[in-house]
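Take a look at the letters that make up each chain.
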Amino acid sequence: MDHQADTNRTDLMTITRFVLNEQSKYPESRGDFTILLNAIVLGCKFVCSAVSKAGLAKLIGLAGETNVQGEEQKKLDVLSNEVFVKALISSGRTSVLVSEEVGEAIFVPQSHRGKYIVVFDPLDGSSNIDCGVSIGTIFGIYMVKNEAKVSLEDAMQPGNQMLAAGYCMYGSSCTFVLSTGNGVNGFTLDPSLGEFILTHPNIKIPRKGKIYSVNEGNAKNWDEPTTKYVQKCKFPQDGSPPKSLRYIGSMVADIHRTLLYGGIFMYPADIKSPHGKLRILYEVFPMSYLMEQAGGQAFTGKQRALDLVPRELHERSPIFLGSYDDIEQIKELYASSKADCA
Ligand code: AHM
Ligand code: MG
């Protein structure tokens, strides 16, 4: 759907309109989810604008230094976190927030409490900011179990209890990808309107892909199934052509490409990091949810990623995400290495 192609179109599907349509399928809904999502969208618009000015900020003072007005410049990831926390609290629809930037869970003041839990990474891939590579925000949404007795447990639910998840990618355009459990849809920010417009309806990941995506610099420390898999990507024995390697090193951008073009993204365990690098609550779960909703799979090397039960707030897990058939292959390799060990 190319809304730019037809400037006379007056029926643009904005993200708010889209979510309201979805909610109208549930007569008991009171619009709380739309209000919550609007808070997240506002945070993403703010971060999008800040990221696009990141280079210019150097003119008035480097991050962590003072600018000409003598004000301290906040680092972009710190700023992004503050924006999301404030927007989510003032939405009046959340009870507990978990952010990559904050060590402990944030319990929303009683006066502003609502029924949702939001886990998020406000600015993932922030080491890429200074060279202008795409970065993003990742989020997942749960419902509190008992509004009268909110606890840390509410934020530690397995991924299969997620109600919705998404990400916003700050790249050549600003793209918001969302699933509320009914497929995956992508929206692009129209800067002239300040609105996200549905541009990628019903995203389905190709059943099999031609791309693998991993930090191969860690290869010397990988486990055997990962090593064998990557070898198969490069030197296939079944007559298929070798896969291409693409690795941006920014999860949102690597996952976005994987969703649209197919293939596999992996951050496996290795000897140095036996639990991988990526965090379960706000990196692994939301991306796994989106992958499954788009027809792909998400596997930890041991189990379906969404069935993990987090034990710690910032716990990590190895992760393989992508096209259905590609994940089947890695699952087979792990199964046979387990059988060999038995
Ligand atoms: P961050 O949360 O500290 O930004 O790290 C997460 C990022 C992901 O975006 C990306 O997939 C991964 O770390 C890249 O790690 P590496 O540089 O080890 O390949
Ligand atoms: Mg991160």
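Residues numbered from 1 in each chain as written. Chains lettered and ligands numbered in written order. Predicted model: local features only at pLDDT ≥ 70, side-chain atom pairs only at ≥ 80, totals over all residues. Heavy atoms only, no water.

Labelled according to an unreviewed UniProt entry, the protein appears under the name Fructose-1,6-bisphosphatase, cytosolic, originating from Vigna radiata var. radiata. Per UniProt, the protein carries the Cofactor (unreviewed entry) text "Mg(2+)". (UniProt positions renumbered as here; feature names shortened; annotations may be inferred.)

Caption draft 1: Layout of helix α4 (residues 76-90). Compared with an ideal rise of 1.5 Å per residue, which puts 15 residues at 21 Å, α4 spans 21 Å between its outermost C-alpha atoms and is within 8% of the ideal. Among all positions in α4, only Leu76, Asp77, Ser80, Asn81, Val83, Phe84, Val85, Ala87 and Leu88 are buried. In this structure, the buried residues of α4 make contact with α2 (32-52), β1 (94-99), β2 (106-107), β3 (113-124), β4 (135-143) and β5 (164-170). One or two steps after α4, the chain reaches Gly92, where phi turns positive at roughly 70 degrees. (Helix = DSSP H or I, 4+ residues; strand = E, 2+ residues; numbered from the N terminus. Expected span 1.5 Å × (residues − 1). Buried < 20%, exposed > 50% of the residue type's maximum accessible area, 1.4 Å probe, protein only. Contact = heavy atoms within 4.5 Å.)

Caption draft 2: Geometry of the coordination of the magnesium ion (ligand 2). Taken together, Glu100 (OE), Asp121 (OD), Asp124 (OD) and Glu283 (OE) make up the full set of protein donors to the magnesium ion (ligand 2), lying 1.9 to 2.4 Å away. Positions of the donor residues of the magnesium ion (ligand 2) along the chain correspond to the pattern E-x20-D-x2-D-x158-E. Placement of Asp124 in strand β3 and of Glu283 in helix α7 (residues 280-293) is noted, with a sequence separation of 159 residues between them. Residue Asp124 shares its accessibility class with Glu283, and that shared class is buried. (Donors = N, O, S within 2.8 Å, 3.2 Å for Na, K, Ca; no water.)

Caption draft 3: Seen up close, the sheet that holds β3. With mixed pairing, eight strands are arranged side by side in an open sheet as β2-β1-β3-β4-β5-β6-β7-β8. Unpaired on one side and paired on the other, β2 and β8 (195-200) mark the two borders of the sheet. For β3 and β4, the ladder comprises seven bridges, and the chain directions are antiparallel. Each bridged residue has a counterpart across the sheet, and for Val118 the counterpart in β4 is Ile141. Strands in contact with α2 are β1, β3, β4, β5, β6 (174-179), β7 (185-190) and β8; relative to β3, the strand with the most contacts, it is inclined by about 20 degrees. Packed on one face of the sheet, α4 meets β1, β2, β3, β4 and β5 and runs near 165 degrees to β3. (Pairing = 2+ DSSP bridges. Axes fitted to C-alpha atoms, helices over the stretch in contact; angles between N-to-C directions.)

Caption draft 4: Region of interest: the domain arrangement of the protein. Split into domains, the protein comes out as domain 1 (9-200) and domain 2 (211-341). The C-alpha centroid of domain 2 is placed 25 Å from the C-alpha centroid of domain 1. Tallying the contact residues gives 47 residues for domain 1 and 31 residues for domain 2. Taken over both partners, the interface formed by domain 1 and domain 2 buries close to 2600 Å², and the fraction arising from carbon and sulfur atoms is 69%. When the buried area of domain 1 at its contact with domain 2 is split by residue, Ile138, Met156 and Tyr167 rank highest and sum to 23% of it. Our count for the contact surface shared by domain 1 and domain 2 stands at one salt bridge. A salt bridge links Glu100 to Arg279; the nearest nitrogen and oxygen atoms lie 3.0 Å apart. Applying the counting rule to domain 1 against domain 2 returns 13 residue pairs in polar contact (both at pLDDT 80 or more). Put simply, the parts of the chain that give the side of domain 1 that touches domain 2 at least two residues each are β1, β3, β4, β5 and β6. Top contributing element to the side of domain 1 that touches domain 2 by residue count: β4, with seven residues. (Domains from an automatic or database assignment. Buried area = accessible area lost by both parts, 1.4 Å probe. Salt bridge = Lys/Arg side-chain N within 4 Å of Asp/Glu carboxyl O. Polar contact = N/O pair within 3.5 Å; in protein donor to acceptor, adjacent residues only side chain to side chain.)

Caption draft 5: Region of the structure containing the sheet that holds strand β12 (residues 297-299). The strand order β10-β9-β11-β13-β12 describes an open sheet built from five strands, whose pairing is mixed. The strands lining the two open edges of the sheet, one partner per strand, are β10 (244-245) and β12. Two strands pair when backbone bridges link them, and strand β9 (residues 211-213) and strand β11 (residues 264-267) are joined in this way by two bridges, in the parallel orientation. Bridge pairing in β11 links Tyr212 to Ile264. Helix α6 (residues 251-261) rests against β9, β11 and β13 (319-322) of the sheet, and its axis sits at about 150 degrees to β11.

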